[in-house]
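# Architecture and fold: a report
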Amino acid sequence: MAHFDVVIIGSGAGGATLAQRLAPTGKSILILERGEHLPREAENWSSRAVFVQHRYRTQEKWYDKTGKPFTPNTHYWVGGNTSFYGAALMRLRKRDFEEVQHAGGVSPAWPISLADLAPCYTEAETLWQVHGARGEDPTENGDEPPYAYAAVHHDPGVAQLKTHWENQGWRPFSLPLGIKLDQAHPVTSACIKCKTCGGYPCLLRAKCDARTLAIEPMLALPNVTLLTGRKVVRLETDPAGRSVTEVVCESEGGEERWTGDIVVLAAGAANSAVVLLASANAAHPTGLANGSDQVGRNYMFHTLTAMVSLTARMVDVTFPKTLAVNDFYWGDPAGGYDKPMGHIQLLEYMSGQTLEGQVSDWLPPGLVPDAMSEGLAERMLSMLVISEDLPLPQNRVRLTPDGRIHLDYTYNNLEGHERLVAKLKGSLDGFVDHAHPLSQHHFQFDSLLPLYGTAHQAGTIRFGTDPAGSVLDPWCKAHQLDNLYVVDTSFFPSIASVNPTLTTVANALRVGDHLIERLGARAPAARAKPAPRPKAHKAAEGLS
């Protein structure tokens, strides 16, 4: 049984970033990933393969609160779900870290503030090559440094929408995006602003995600070992239950056990909670680190509505996801509603087969003529309304004795969201001929919009200062264990109304610096650029 300084479970945004932060110290790091390396193949760019055939999505079944099975929109590959995300990378607002009253209840305060995370946000934006423009977003704090990369230029159709909204008094801004785009030199730019970005794995590896920015540059390092096809099923502890002693995983060759001075969970908000629940023992009878009874509870995943707008003429867009609106983030500036409403951002280009995939759970793709769906796609702009889902203890991940994952969930806090959807729809009068909202909360779990679904899950292992009401301390260490940390979105006490990936990356950098100090490692004098991609992955032989 090989021993490592740090064992990290999961290679998504949190796990990969933490490994990347620790790697220059020379400490031995093991990354256990249940998935394999995502193949680079023509199907990466196939809307039919991605959205209709669900080539890369898991086929496992979870169960809703009624016991009905559904397929979660999650992807088990090296790099986790980031290979499929839409690359929108936004900071939480200053008030998002504070207690906020919503129409549907209270969004709790975080044990850290924006000031605590601000330096890591800045570093994360540079590391993940975020393209944006300061001073446009009305909810910015005002002291953020300029982005290292300029905002992505708007396509003509998006520029027209921006002007349309500005004429109504709105203040749309450039959506911060993590893509490897060199707008000054398009011939040599890695990103070509194609129609296959959000929801697709990037065939050109031009999307800033965990596999291309963090994992692949580390594969040649002698102190970092990545083992794929390893599904962690439980953690074992010493008799007192104070320290994780073994990480138990399933592999093609049977059960494997690994040990580490530090063990870090980063398997995703649902699966990290499942690992802890499956690790119940005499010292932790209701699940590992679950003395507060909060493991698995407070599941959040954003309330989402896709606004599909149609025009009589073709829309001149190829890469529309460059514009966002935060005017209604904290309420209606026109008056009449002083509670948070949410965030609006444009969605990726929707091809005809993408549309077929969106409705495939309730309308077989074969019943949608290709000519009809492609014709709609050429005349369509799609926008996403994101509103805060409040953490409720009854919204939870459960594990049944037979190993089934149950997601007990009831939608909440819908008033502000529905007001914002109405605002958006009204704002499109005079710009589009027809607008139709597709609201995720109108459907059961077996018919969620596949592009979003459970992608923004968070909150099941939240951090806080009070062990009675949280699982982790402010450094994301389990209150009840000395060597267990969690760095995926599980730690979120609230989910705010913006995409969670940048906060996950920034927090992993913060926790990484804490672990460097704890391990007595020498922090690098300067953050070096990632190592070049190796020609071949070093074999992980003899590690047993």
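To keep things clear, this report deals only with the structure shown in the data block. Residue positions are given per chain, counted from 1 along the sequence in the order it is written. Given that the model is predicted, a residue must reach a pLDDT of at least 70 before its local features are reported, and side-chain atom pairs must reach 80 or more before they are shown or counted; all residues, however, enter totals for whole chains, interfaces and linings. Water and hydrogen atoms play no part in the side-chain values, which are based on all heavy atoms of the structure.

### Points about the overall build of the protein
Counting from the N terminus, the helices are DSSP H or I runs at least four residues long and the strands are E runs at least two residues long. Helix and strand content of the protein: ten helices and 22 strands. A burial count over the protein gives 61% of its 544 residues as buried. When checking whether two residues touch, look at their non-hydrogen atoms; a contact exists if any pair is within 4.5 Å. In the protein, the proportion of contacts linking residues at least 24 apart, taken out of those at least 6 apart, comes to 74%. A 1.4 Å probe and the Shrake-Rupley method give the accessible areas. Residues count as covered only by the protein chains that appear here. For the protein, the accessible area works out to roughly 20400 Å², and carbon and sulfur atoms hold 52% of it. Note on exposure labels: buried denotes an accessible area under 20% of the residue type's maximum, exposed denotes more than 50%, and partly exposed covers the range between, all computed with a 1.4 Å probe on protein chains only.

### Structural notes on the pairing of strand E20 (residues 405-408)
On E20, burial covers both faces: Ile405 and Leu407 on one face and His406 and Asp408 on the other are all buried. In this sheet, E20 lies alongside strand E19 (residues 396-399) in antiparallel orientation, the contact comprising four bridges. Bridge pairing links Arg396 to Asp408 in E20. Two strands are said to pair when DSSP picks up at least two bridges between them. Counted along the chain from E19 to the antiparallel partner E20, the turn is five residues long, and its residue Gly403 has a positive phi close to 90°.

### Some thoughts on the packing of aromatic side chains
What describes a pair of aromatic rings is the distance from one ring centre to the other and the angle between the planes of the rings. Working definition: rings of Phe, Tyr and Trp (its six-membered ring) pair if their centres are within 6.5 Å, and the pair is stacked with planes under 30 degrees apart, edge-to-face with planes over 60 apart, and tilted otherwise. Throughout the structure, instances matching the rule amount to 20 aromatic pairs. Ring geometry for Trp165 versus Trp170: centroids 5.3 Å apart, planes at 25°, classification stacked. Grouping residues by exposure puts Trp165 and Trp170 together as buried. Measuring from centroid to centroid gives 6.2 Å for Tyr299 and Tyr409, while their planes differ by 80°, and the two rings are edge-to-face. Of this pair, Tyr299 sits in the loop between helix H6 (269-278) and strand E15 (303-310) while Tyr409 sits in the loop between E20 and helix H9 (415-427), and the two are 110 residues apart along the sequence. For Tyr299, a relative accessible area of 0% translates into the label buried. Site record: aromatic cluster; members linked through ring pairs are Phe97, Trp110, Phe463, Phe491 and Phe492. We count a charge as sitting over a ring when the NZ of a lysine or the CZ of an arginine lies within 6 Å of the ring centre and within 35 degrees of the ring normal. Over the ring of Tyr76 we find Arg34; its NZ or CZ atom is 3.7 Å from the centre of that ring.

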